[in-house]
Amino acid sequence: MKKSLQSSFLIILFIAVIASVTGCSKNGNTALPLPIPVINPIISSLTSTSVIVGARTGGSVFVIANGICYSATNTTPTTSDTFLSDTVGARWQNKIIGLTPNTTYYVRAYVTNDSGTGYSDVITFKTLATNAVPTGTVTTFAGSLAGTGGFAEGTGAAALFNGPQNISFNAVTGLLYVSDSFNNAIRNITTSGETSTMINTGLGYANGDAASALFYGPRGISFDTQGNAYVADLGNNVIRKITTGGAVSTTAGNALVGYLDGAAAKAEFYNPTATAVDATGNVYVVDRSNNLIRKITPAGVVSTFAGYVAPAGYAQSTVPGYVDGAAGASAFNYPVAITIDASGNLYVADYRNNAIRMVTPTGSITTYAGGLTFPTLLGSPNGVVLDAQGNMFISDNNGRILEITKNKILYVLAGANSSGYTDGVGSQARFSNPQSLTLDGQGNLYVADFSNNVIRKVTVAVQ
């Protein structure tokens with residue numbers, strides 16, 4: 001009996017030792033936490049039989065395996081379902097192939113260490129019925145076919161631009177507005193490609209009618225419900241208003257570089273690059289070098305809407321960062337473009353964070369796409385715009401035009417990770433430092449192709 005009890009005790013002790021070893025780190029000192037990976041909510045290149053999914057580990061844990069698991073029947077798939085393993089690393093990406101067309105799938109990322117296997121949240125997608133995907137056909141809409149810079153009015157290739165930075169569509173007038181930055185001009189283009197001069201009187205800072213107003217490196221343009229334009233006058237550090245009749249006034253700013261909220265005439269900006277107007281007439285400003293989103297009310301009061309405000313004694317321009325969260329606790333790094341949806345959410349192209357950030361009407365910030373978590377998804381976005389269905393279009397510094405559908409599926413519509421000047425379909429096309437982009441009333445995209453000195457048109461179709 002004594003021998004039997006002793007044997008039982010040894011068996012129990014052995015099991016306890018094994019359990020303690022498998023629940024500890026490799027150095028045997030600290031129990032490892034169960035790893036919880038993060039799956040990229042944006043999937044890429046979805047077809048009828050394949051998709052690309054990315055993930056990251058979700059923390060500093062010792063990992064022995066990671067990958068993606070998926071199922072068409074199990075809503076919380078595990079490695080007992082179909083899975084793809086990957087090289088162990090902080091981030092990974094898997095292309096899933098051999099899927100069934102027109103079928104809903106459930107996907108999770110997994111990470112394994114000595115404590116077990118942890119799983120990410122579940123994302124779902126439905127494969128396409130066919131392999132036809134959104135693709136852009138690129139043509140030169142206005143400007144020199146040789147990429148020559150200059151100033152000339154005309155139709156199509158007869159027109160000349162010099163560093164077009166921004167393009168926006170005014171639904172009230174039916175015209176495209178172009179910030180022709182090196183000409184310090186605001187140009188108009190009809191949807192048939194005929195250009196005209198709205199303002200072009202030289203470099204400077206002066207209000208008045210179209211014949212006397214002066215700008216200095218104008219950038220982003222947006223419109224209110226009456227069709228009045230709000231221009232980020234970058235070189236003058238002010239926000240200008242242009243009526244549909246061409247009268248120019250200063251909405252906010254005093255032409256001094258700085259950071260100051262308050263009355264519009266006393267407020268200070270530092271390289272404002274873009275604007276967006278909501279349904280009630282508030283103007284939101286991307287204050288690039290201050291790394292903030294500012295708000296101008298219809299009464300002319302300027303406030304800080306989103307981003308981190310530097311503590312006393314520090315310049316506002318010295319506090320770039322990447323933090324999601326409430327208005328005062330979040331941070332941007334060189335924001336450059338902005339658009340707004342029907343619910344009043346702002347979407348900001350956060351250039352140096354490789355991200356599109358979403359700002360709610362209360363100023364709270366989250367990462368919509370890319371960011372330091374998934375830094376290779378976007379290549380320094382320069383422009384962002386939404387269509388009426390909630391699909392997002394992005395121009396990035398890699399020379400690509402991207403679409404993120406309302407279902408969070410990313411497609412490369414046109415361009416590739418190289419510079420050039422080539423019209424064509426999809427990846428055949430080349431851009432050189434494409435800046436902002438806009439949509440007309442027919443769903444056509446227009447891109448300010450800055451270094452090529454042209455405006456490009458991208459016709460999107462499923463093909």
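A brief look at the structure comes next.

Definitions and limits used
- Residues numbered from 1 in each chain as written.
- Predicted model: local features only at pLDDT ≥ 70, side-chain atom pairs only at ≥ 80, totals over all residues.
- Heavy atoms only, no water.
- Helix = DSSP H or I, 4+ residues; strand = E, 2+ residues; numbered from the N terminus.
- Buried < 20%, exposed > 50% of the residue type's maximum accessible area, 1.4 Å probe, protein only.
- Contact = heavy atoms within 4.5 Å.
- Areas by Shrake-Rupley, 256 points an atom, 1.4 Å probe, with all protein chains shown as cover.
- Phe/Tyr/Trp six-rings, centres within 6.5 Å; stacked < 30°, edge-to-face > 60°.
- Lys NZ or Arg CZ within 6 Å of the ring centre and 35° of its normal.
- Salt bridge = Lys/Arg side-chain N within 4 Å of Asp/Glu carboxyl O.
- 1 Å grid on protein atoms, 1.4 Å probe; cavity = no way out; pocket = protein on both sides within 12 Å on 5 of 7 lines; lining within 4 Å.
- Points joined across faces, edges and corners; volume = space filled by probe spheres on them.
- Nonpolar A, V, L, I, M, F, W, Y, C, P; charged D, E, K, R; others polar.
- Pairing = 2+ DSSP bridges.
- Axes fitted to C-alpha atoms, helices over the stretch in contact; angles between N-to-C directions.
- Polar contact = N/O pair within 3.5 Å; in protein donor to acceptor, adjacent residues only side chain to side chain.
- Core = buried A, V, L, I, M, F, W, Y, C linked by side-chain atoms within 4.5 Å.

1. Description of the overall build of the protein
At step 1: Of regular secondary structure, the protein possesses 1 helix and 35 strands.
At step 2: Expressed along its principal axes, the backbone C-alpha trace of the protein runs to roughly 110 × 55 × 35 Å.
At step 3: Burial analysis of the protein (463 residues in total) assigns 53% to the buried set.
At step 4: The contacts of the protein with a sequence gap of at least 6 include a subset with a gap of at least 24, amounting to 50%.
At step 5: Surface accessibility of the protein: about 18,900 Å² in total, with carbon and sulfur atoms responsible for 55%.

2. Notes on the side chain of Asn184
At step 1: Along the chain, the position of Asn184 falls in the loop between strand S12 (175-180) and strand S13 (185-189).
At step 2: Those residues in contact with Asn184 that lie beyond four places of it in its chain are Ile199, Gly202, Leu203, Phe215, Tyr216, Gly217 and Pro218.

3. Remarks on the environment of Phe125
At step 1: The topology assignment puts Phe125 in strand S9 (residues 123-126).
At step 2: Residues Phe125 and Lys408, 283 residues apart in the sequence, show an inter-C-alpha distance of 9.3 Å.
At step 3: When neighbours within four sequence positions are excluded, Phe125 is seen to be in contact with Ile43, Leu46, Val51, Leu99, Thr103, Thr104, Tyr105 and Val107.

4. So, the packing of aromatic side chains
At step 1: Throughout the structure, instances matching the rule amount to 9 aromatic pairs.
At step 2: Taking the centre distance of 4.9 Å and the plane angle of 75 degrees together, the rings of Tyr177 and Phe223 count as edge-to-face. Residue Tyr177 is found in strand S12, and its partner Phe223 is found in strand S15 (residues 218-223); the two are separated by 46 residues along the sequence.
At step 3: The class for Phe223 is buried, based on a relative accessible area of 15%.
At step 4: Connected via pairs of aromatic rings, a cluster forms that spans Tyr70, Tyr105 and Phe125.
At step 5: When the ring centre of Phe215 is taken as reference, the NZ or CZ atom of Arg240 above it lies at 4.4 Å.
At step 6: Sitting above the plane of the Tyr334 ring, Arg352 keeps its charged end 3.9 Å from the centroid.

5. Topic: the pattern of salt bridges
At step 1: Tallying each qualifying case throughout the model produces 10 salt bridges.
At step 2: The salt bridge partner of Arg357 is Asp350, with a shortest N-O separation of 2.7 Å. With respect to burial, Arg357 and Asp350 carry one shared label: buried.
At step 3: With a closest N to O distance of 2.6 Å, Asp449 and Arg456 form a salt bridge. Each member of the pair, Asp449 as well as Arg456, carries the same accessibility label: buried.
At step 4: Residues joined in a network through salt bridges with shared partners are Glu153, Asp180 and Arg187.

6. Section: unusual backbone geometry
At step 1: Positive phi, normally seen in glycine, also occurs at Asn102, with a value near 55 degrees.
At step 2: Summarising the element assignment, Asn102 is placed in the loop between strand S6 (91-96) and strand S7 (104-113).
At step 3: At Tyr334, a residue that is not glycine, the phi angle is positive and equals roughly 70 degrees.
At step 4: Within the secondary structure, Tyr334 is located in the loop between strand S23 (301-306) and strand S24 (335-340).

7. Some remarks on the layout of surface pockets
At step 1: The calculated volume of the second largest pocket comes to roughly 320 Å³.
At step 2: Around the second largest pocket, the lining comprises 16 residues; the ones closest to its centre are Ser44, Ile52, Gln93, Thr376 and Leu377.
At step 3: Looking at the lining of the second largest pocket, the elements that each hand over two or more residues are strand S3 (51-56), S6 and strand S31 (409-415).
At step 4: When grouped by side-chain class, the residues that make up the lining of the second largest pocket number 8 nonpolar, 6 polar and 2 charged.

8. Re empty space enclosed by the protein
At step 1: Tallying each qualifying case throughout the model produces 1 cavity of 30 Å³ or more.
At step 2: For the largest cavity, the calculated volume is near 30 Å³.
At step 3: As for the largest cavity, its lining consists of Asn40, Ile42, Ser44, Ile52, Val53, Gly54, Gln93 and Leu377.
At step 4: Each residue belonging to the lining of the largest cavity can be placed in one class, and the counts come to 4 nonpolar, 4 polar and no charged.

9. A closer look at the sheet that holds strand S25 (residues 346-350)
At step 1: Strand order in the open sheet made by the 4 strands is S24-S25-S26-S27, with antiparallel pairing throughout. Each end of this open sheet is capped by a strand with a single partner; those strands are S24 and strand S27 (365-370). Sheet twist, expressed as the average angle between the axes of neighbouring strands with direction ignored, equals 25 degrees.
At step 2: Two elements, S25 and strand S26 (residues 355-359), share 5 bridges in a ladder whose sense is antiparallel.

10. Some details on the sheet that holds strand S35 (residues 454-462)
Remark on secondary structure: sheet strands pair via backbone hydrogen bonds, oriented parallel or antiparallel.
At step 1: One open sheet holds the 5 strands; their spatial order is S32-S10-S35-S34-S33, and the pairing between them is antiparallel. A single partner strand is all that each edge strand has here, and the edge strands are strand S32 (424-425) and strand S33 (434-439).
At step 2: Here strand S10 (residues 134-142) runs beside S32; their pairing, made up of 2 bridges, is antiparallel. Paired with Thr137 across the strands is Val425, a residue of S32.

11. Structural notes on the side chain of Asn183
At step 1: Take Asn183: it is sitting in the loop between S12 and S13.
At step 2: Look at Asn183 and you get buried, because its relative accessible area is 14%.
At step 3: Engagement of the side chain of Asn183 in a polar contact is seen with the side chain of Asp180, the distance being 2.7 Å.

12. Brief notes about the nonpolar core
At step 1: Residues Val51, Val53, Ile68, Val107 and Phe125 are the most contacted members of the largest nonpolar core, which totals 21 residues.
At step 2: Elements supplying a minimum of two residues to this core: S3, strand S4 (65-71), S6, S7, S9 and S31.
At step 3: Per element, the largest residue contribution to this core is 4 residues, and it comes from S7.
At step 4: Other than its neighbours up to four places away in sequence, Ile68 contacts Val53, Ala55, Thr82, Phe83, Leu84, Trp92, Asn94, Ile96, Val107, Arg108, Ala109 and Tyr110.

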